[in-house]
Protein chains: 2
Amino acid sequence: MSLIVVGSMAYDAIETPFGKTDKIIGGSAVYVDYAASNFIRDINQVSIVGYDFAKEEMESLKKRGVSLEGVEIVPDKKSFFWSGKYHLDMNTRDTLVTELNVLADFKPVVPESYQGSEFLMLGNLMPRIQIDVIQQLKNRPKLIVMDTMNFWMETTMDDLKKVLKMVDVLLVNDSEARQLSGEFSLVKAAREIMKMGPAYLIVKKGEHGALLFHQQNVFFAPALPLEEVFDPTGAGDTFAGGFIGHIAKTKDIYFENMKTAIIVGSAMASFCVEKFGTERLREITKSDIEERIKQFVQLVNFDIALI
Amino acid sequence: MSLIVVGSMAYDAIETPFGKTDKIIGGSAVYVDYAASNFIRDINQVSIVGYDFAKEEMESLKKRGVSLEGVEIVPDKKSFFWSGKYHLDMNTRDTLVTELNVLADFKPVVPESYQGSEFLMLGNLMPRIQIDVIQQLKNRPKLIVMDTMNFWMETTMDDLKKVLKMVDVLLVNDSEARQLSGEFSLVKAAREIMKMGPAYLIVKKGEHGALLFHQQNVFFAPALPLEEVFDPTGAGDTFAGGFIGHIAKTKDIYFENMKTAIIVGSAMASFCVEKFGTERLREITKSDIEERIKQFVQLVNFDIALI
């Protein structure tokens, strides 16, 4: 049940109304790892870092079952760096600094040992890199999930359209779904996006939950109402990690199980926002996760017999 | 299982991106009636209208089991009139005209025949009127549900606080919950509002669904993802009507049944927005409602066994 994870490994500096951090570990692949490794321990990472990426961080990932054989270490460049500041409502943020560094000329190489992996999670990255990885795989994985963002819709739509034809599940947020489809109604947007390639579409709505579309079906998972959202950074990647982690663990790629996977993803994301960066994800135990998933069941469960 | 409904009976002129209406029937009590009468046929209305309120509209309500004995008809004044225009996103609107007319000096009188009603739905109206009705009831109903709005928080907070102490369930939207409590987090807002009186709080989030709070419990009901929202006018009142209609039908005021009642309210609201005003609510049948509730079950149902 091996899973390839492609995405960034980075440093972030985050400012929220609750405080600010120095450079801390981040990047889409790192959040996916910390979430998915609660469910599977055979994760094959494809990424790139600079000379400044801390050895302890590499070790910490390895201990969670993440192979770093596919992570290129560039000796004379720095790791990708992002800095942002969240507004009071925590839904909007300003990017203060983006330094691509090693990411600027990243050419992913999938090691021979990763061949035959059953699942592929393409974290948010240049669509060209996502295509490159898929093309290097000798056997198509059972399920390919991809994340993307509005920036690629604005700068490299042709590549984005190409990769959309190659994947099974697309993850975007609501404004990105609207931008990609040109439709305001999410039901119409979903129909248009599924015509572009992916058979499944997940629309993330932050504090308002997430929708899963497939053919004529739709499923809704709420976000857990929280007292405080401390730091939303990485919540979307953590959601993706919980989703693909559950799928890879169960090896079941049908719609019914995807619904459950979305609840698992939502539960993982609800932990992520409780502390800065990956801090909370490193602390939680199996029983914390089980307890949180029970809360989701309570949150949406009602007695049909009473109708 | 009789229900007293207090609220406005009005004329509305509505403009949306999809079209505009002449004066059509509206008002909080009218929407509550059209929703609740699918579940119970013993509705006792308390309201006020002018000489211009169409007889056919009165007859149409009576046919649905609504007693109008408690509706005052003022011979020399016009009915309450509201006109509004929705923006493209359908979430925001401008009020173009508000003519209070008969509502300006409404003194509700609860007829003797309404005494002993088991349920009370206080639609959005001046808090003073809501208090007045409660005080006229010789026996306290089993459940008192009230709706309100930001306008009363800004103009008559003292009266609003009084009525909050007298009711069981408060219905507000998310921005009103934040305004009333001074808390941004809805979890914290709910805690503060429940201290003000109501044991149950329902926070309506429009297209993002609704939350029910009670003590430490929280339940979430999604809104049905729709292709088009044609006209949102009255959706909140229709939700309230479905909610109280289900409670009055089942005579069960416990938390578990309130969860089901919120699903019923959400289903009714999803019909309301499909056409202008009350038009869609007049068409739908019992089987339409059953079918829609099944869609809600599909929307949130997932298999815990797969976790």
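Residues numbered from 1 in each chain as written. Chains lettered and ligands numbered in written order. Predicted model: local features only at pLDDT ≥ 70, side-chain atom pairs only at ≥ 80, totals over all residues. Heavy atoms only, no water.

## Looking at the packing of helix α3 (residues 127-136) of chain B against helix α5 (residues 157-164) of chain B
Residues and elements named next belong to chain B.
Here is step 1: At a minimum axis separation of 8 Å, α3 and α5 run at an interaxial angle of 35°. You can see that α3 and α5 cross each other, and the crossing is left-handed. Seen from α3, the contacting residues are P127, R128, Q130, I131 and I134; seen from α5, they are D159, L160, K162 and V163.
Here is step 2: In terms of residue class, the contact of α3 with α5 is built from 5 nonpolar, 1 polar and 3 charged. (Axes fitted to C-alpha atoms, helices over the stretch in contact; angles between N-to-C directions. Helix = DSSP H or I, 4+ residues; strand = E, 2+ residues; numbered from the N terminus. Left-handed = near helix turned anticlockwise from the far one by under 90°. Contact = heavy atoms within 4.5 Å. Nonpolar A, V, L, I, M, F, W, Y, C, P; charged D, E, K, R; others polar.)

## A short note on helix α11 (residues 286-300) of chain B
Here is step 1: Taking 1.5 Å per residue, 15 residues should reach 21 Å; α11(B) reaches 22 Å between its end C-alpha atoms and fits that length.
Here is step 2: Taken together, the buried positions of α11(B) are occupied by B:I289, B:R292, B:I293, B:F296, B:V297, B:L299 and B:V300. With its buried residues spanning 160° around the axis, α11(B) presents them on a single face. The exposed set on the far side of α11(B), more than 90 degrees from its buried face, consists of B:K294 and B:Q298.
Here is step 3: As for α11(B), its buried residues are in contact with β14 (217-221) and α11 (286-300) of chain A together with α9 (255-272) of chain B. (Expected span 1.5 Å × (residues − 1). Buried < 20%, exposed > 50% of the residue type's maximum accessible area, 1.4 Å probe, protein only. Arc of directions from axis to C-beta.)

## Focus: the pattern of salt bridges
Here is step 1: The final tally for this structure, using the stated rule, is 36 salt bridges over all chains.
Here is step 2: Of the charged contacts in the structure, one is a salt bridge between A:E256 and A:K259, with a shortest N-O distance of 3.1 Å. Placement of the pair is A:E256 and A:K259 together in helix α9 (residues 255-272), with a separation of 3 residues, close to one helical turn.
Here is step 3: A relative accessible area of 39% places A:E256 in the partly exposed class.
Here is step 4: Overall, the relative accessible area of 3% leaves A:K259 in the buried class.
Here is step 5: Close ionic contact of B:R280 with B:E283 constitutes a salt bridge, the shortest N to O distance being 2.7 Å. (Salt bridge = Lys/Arg side-chain N within 4 Å of Asp/Glu carboxyl O.)

## A look at the confidence of the model for chain A
Parts of the model with low pLDDT should not have their predicted coordinates read in detail.
Here is step 1: Chain-level statistics for chain A give a pLDDT mean of 95 and a share of 99% at 70 or above.
Here is step 2: The ipTM for the predicted assembly is 0.88, set against a pTM of 0.92. (pLDDT = per-residue confidence, 0-100.)

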